[in-house]
Structures are given as C-alpha cells and as structure tokens.
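Survey of secondary and tertiary structure
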Amino acid sequence: MLRLRTLFLIFLCGCILLGGATPAAAQKDKKKKKVTTPAETTLTPPALPDEQQIDIAISEMLGAWQLGDAERLHKAYADDVSVVSGAWQAPLIGWANFFTQYQKQRARVQQVRMDRENTYVRVTGNFAWACYQWEFSGVVDGQQTGARGQTSLIFEKRNGIWVIVHNHTSLIQSVSQPVQAPPAAVTPPPKP
C-alpha cells in the first residue's frame with residue numbers, strides 16, 4: 001500500500017512538473033483560454049467565381065434601374081463609363097452624363113419590369129464582357145408599353161470589384177411581316 005502511495009505521489013509530482021496540471025492550475029487556464037465554439041468561429045465564405053460575381057452585378061444593376069435607386073445603380077457603373085443607348089443619340093461619356101439621361105427617362109416610367117435571359121459572361125484577366133437579351137414592360141407617359149432588346153456590357157475589375165465601363169444597348173423593333181406586292185403582270189412581247 002505504501003508502495004502504491006509512493007508511485008501515485010511520484011506520478012502526481014511528474015504531472016505538476018511537466019504541465020502544472022493541478023486542479024487549481026487547470027481552473028486558471030480555463031479562465032485565461034477562451035474556448036471557441038463553431039458558432040463563434042467566423043469563416044470567410046469562399047469567393048465566388050468571377051462569372052458569378054458579374055452575373056450578380058448585372059442583376060443588382062437591373063434591380064437598381066427598375067427601382068430608381070441611384071446609389072445602388074452608381075455602384076455598378078464606373079465614373080468614366082461610356083454608354084450607347086437604344087435611342088438614336090451620341091454616346092454618353094461619364095457617370096454624370098449617363099445619370100442625367102437615366103433620370104429623365106426614369107421620370108417618365110412607372111410599374112417597371114425588366115426580365116433578362118440568355119446571359120453570356122466571358123472573363124479575361126481584369127476585363128470581362130457580358131451580353132444578354134431583355135424584355136421590358138411598364139407604363140411610359142401613361143401608356144402600357146413593352147420592348148425587347150439586347151445589351152452588351154464591358155466590365156473592369158477595379159479594387160477587387162467588377163464595374164461596368166461600357167454599356168451598349170440595342171432596342172429590337174417589332175417588325176411585322178412585310179406584305180408582298182402582287183406580282184406584276186407580265187405582258188408578252190409584241191409579235192412581229
């Protein structure tokens with residue numbers, strides 16, 4: 001029994017010398033060290049691929065356009081953007097010029113809906129381009145209106161964020177089927 005007690009004391013002394021593992025020391029260590037739980041651990045979500053970032057940027061830009069949210073719309077566009085609209089007008093250079101025209105246009109429109117489809121995004125380094133088709137419906141100048149078109153966007157990654165540096169939008173005119181003229185009567189040549 002004495003031998004067992006001696007071995008226990010030697011073991012206990014060894015633990016104290018090696019790690020200070022007395023109950024009091026263990027309590028102090030618990031107070032000093034904060035144990036993190038999985039809920040407390042903040043994980044940075046993995047970055048989305050550039051193509052997805054651009055697709056989201058297009059959705060956010062169109063949402064801001066529909067809502068008339070100038071601040072969110074400006075986040076999508078570079079200050080030095082160039083814009084070619086579906087209207088017959090000179091290209092707009094710079095955010096301020098684009099925004100002035102946007103405000104004039106948006107003031108005339110209510111109940112806006114813009115649907116996008118067939119989006120294609122291509123990334124090369126810090127530049128990318130995207131094209132898509134869109135369908136617009138809304139009330140313009142008090143009249144229910146609809147239109148279709150296509151847009152091509154050029155993006156540049158600036159400070160880690162994709163922004164639109166060029167926007168080219170084309171309005172597709174509804175073309176009715178041309179009416180064919182009846183064939184001209186063929187008159188046979190006179191007989192000699």
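Now for a look at the structure at hand. (Residues numbered from 1 in each chain as written. Predicted model: local features only at pLDDT ≥ 70, side-chain atom pairs only at ≥ 80, totals over all residues. Heavy atoms only, no water.)

Some details on the overall build of the protein
- When its secondary structure is counted, the protein shows 5 helices and 6 strands.
- Put simply, the protein runs from its N terminus to its C terminus through helices and strands in the order α-α-α-α-β-β-α-β-β-β-β.
- Looking at the 192 residues of the protein, the share that counts as buried comes to 23%.
- Counting only contacts in the protein whose residues sit at least 6 apart along the sequence, the fraction spanning at least 24 positions is 49%.
- Total accessible area on the protein is roughly 14,700 Å²; 59% of this is exposed by carbon and sulfur atoms. (Helix = DSSP H or I, 4+ residues; strand = E, 2+ residues; numbered from the N terminus. Buried < 20%, exposed > 50% of the residue type's maximum accessible area, 1.4 Å probe, protein only. Contact = heavy atoms within 4.5 Å. Areas by Shrake-Rupley, 256 points an atom, 1.4 Å probe, with all protein chains shown as cover.)

Considering helix α5 (residues 95-107)
- With 13 residues, α5 should reach 18 Å at 1.5 Å per residue; the first-to-last C-alpha distance of 18 Å fits that figure.
- Of the positions making up α5, those classed as buried are Trp95, Phe98, Phe99, Tyr102 and Arg106. All buried residues of α5 fall inside an arc of 95° around its axis, so they share one side. Relative to its buried face, α5 has exposed residues pointing more than 90 degrees away, namely Ala96 and Ala107.
- Where α5 is buried, its residues touch α3 (50-67), α4 (70-76), β1 (77-84), β2 (92-93) and β3 (109-124). (Expected span 1.5 Å × (residues − 1). Arc of directions from axis to C-beta.)

Things to note about α3
- Here α3 is 18 residues long and its end C-alpha atoms lie 26 Å apart, about the 26 Å a rise of 1.5 Å per residue gives.
- For α3, every residue scored as buried is listed here: Ile54, Ala57, Ile58, Met61, Leu62, Gly63, Ala64 and Trp65.
- Of the residues flanking the end of α3, it is Gly68, one or two places downstream, whose phi is positive at about 80°.

Quick notes on the nonpolar core
- The biggest cluster of nonpolar side chains holds 31 residues, and the ones touching the most others in it are Met61, Leu73, Tyr77 and Phe155.
- Element by element, the count of residues in this core is highest for α3, at 7 residues.
- In this view, Met61 contacts Leu73, Ala76, Tyr77, Tyr132, Leu153 and Ile164; residues no more than four positions away in its chain are not counted. (Core = buried A, V, L, I, M, F, W, Y, C linked by side-chain atoms within 4.5 Å.)

Observations regarding the packing of α3 against α5
- Across the interface, α3 lies against α5 with an axial gap of 10 Å and an inter-helix angle of 55°. On the basis of the axis angle, α3 is oblique to α5. Contacts from Ala64, Trp65, Gln66 and Leu67 in α3 reach Tyr102, Gln105 and Arg106 in α5.
- Residue composition of the contact of α3 with α5, grouped by class: 4 nonpolar, 2 polar and 1 charged. (Axes fitted to C-alpha atoms, helices over the stretch in contact; angles between N-to-C directions. Parallel < 35°, antiparallel > 145°, perpendicular 65-115°, else oblique. Nonpolar A, V, L, I, M, F, W, Y, C, P; charged D, E, K, R; others polar.)

Examining the layout of surface pockets
- Approximately 820 Å³ is the volume found for the largest pocket.
- Forming the walls of the largest pocket are 31 residues, and the residues nearest its centre are Trp65, Ser85, Gly86, Gln105 and Thr169.
- Sorting the residues of the lining of the largest pocket by element identifies α3, β1, α5, β3, β4 (127-140), β5 (143-158) and β6 (161-172) as the ones contributing at least two each.
- It is α5 that contributes the most residues to the lining of the largest pocket, 5 residues altogether.
- Within this model, the second largest pocket holds a volume of roughly 250 Å³.
- Looking at the second largest pocket, the residues that line it are Gln53, Ile56, Ala57, Glu60, Met61, Arg72, Lys75, Ala76, Gly160, Ile161 and Trp162.
- Those elements that provide at least two residues to the lining of the second largest pocket are α3, α4 and β6.
- Residue contributions to the lining of the second largest pocket peak at 5 residues, all from α3. (1 Å grid on protein atoms, 1.4 Å probe; cavity = no way out; pocket = protein on both sides within 12 Å on 5 of 7 lines; lining within 4 Å. Points joined across faces, edges and corners; volume = space filled by probe spheres on them.)

Side note on the pairing of β3
- Relative to β4, β3 runs antiparallel, the two sharing 12 bridges. Bridged to Val109 within β4 is Val140.
- Taking the residues between adjacent antiparallel strands as the criterion, β3 and β4 are bridged by 2 residues, where Gly125 takes a positive phi near 65°. (Pairing = 2+ DSSP bridges.)

Concerning a nonpolar patch on the surface
- Residues Tyr120, Phe127, Trp129 and Ile154 make up a contiguous nonpolar surface patch of about 380 Å² in total accessible area.
- Assessed through its relative accessible area of 42%, Tyr120 is described here as partly exposed. (Patch = residues over 30% accessible without salt bridge, like charges linked within 9 Å, V, L, I, M, F, W, Y side chains within 5 Å. Salt bridge = Lys/Arg side-chain N within 4 Å of Asp/Glu carboxyl O.)

Scope: geometric values only; no functional claims are made or implied.
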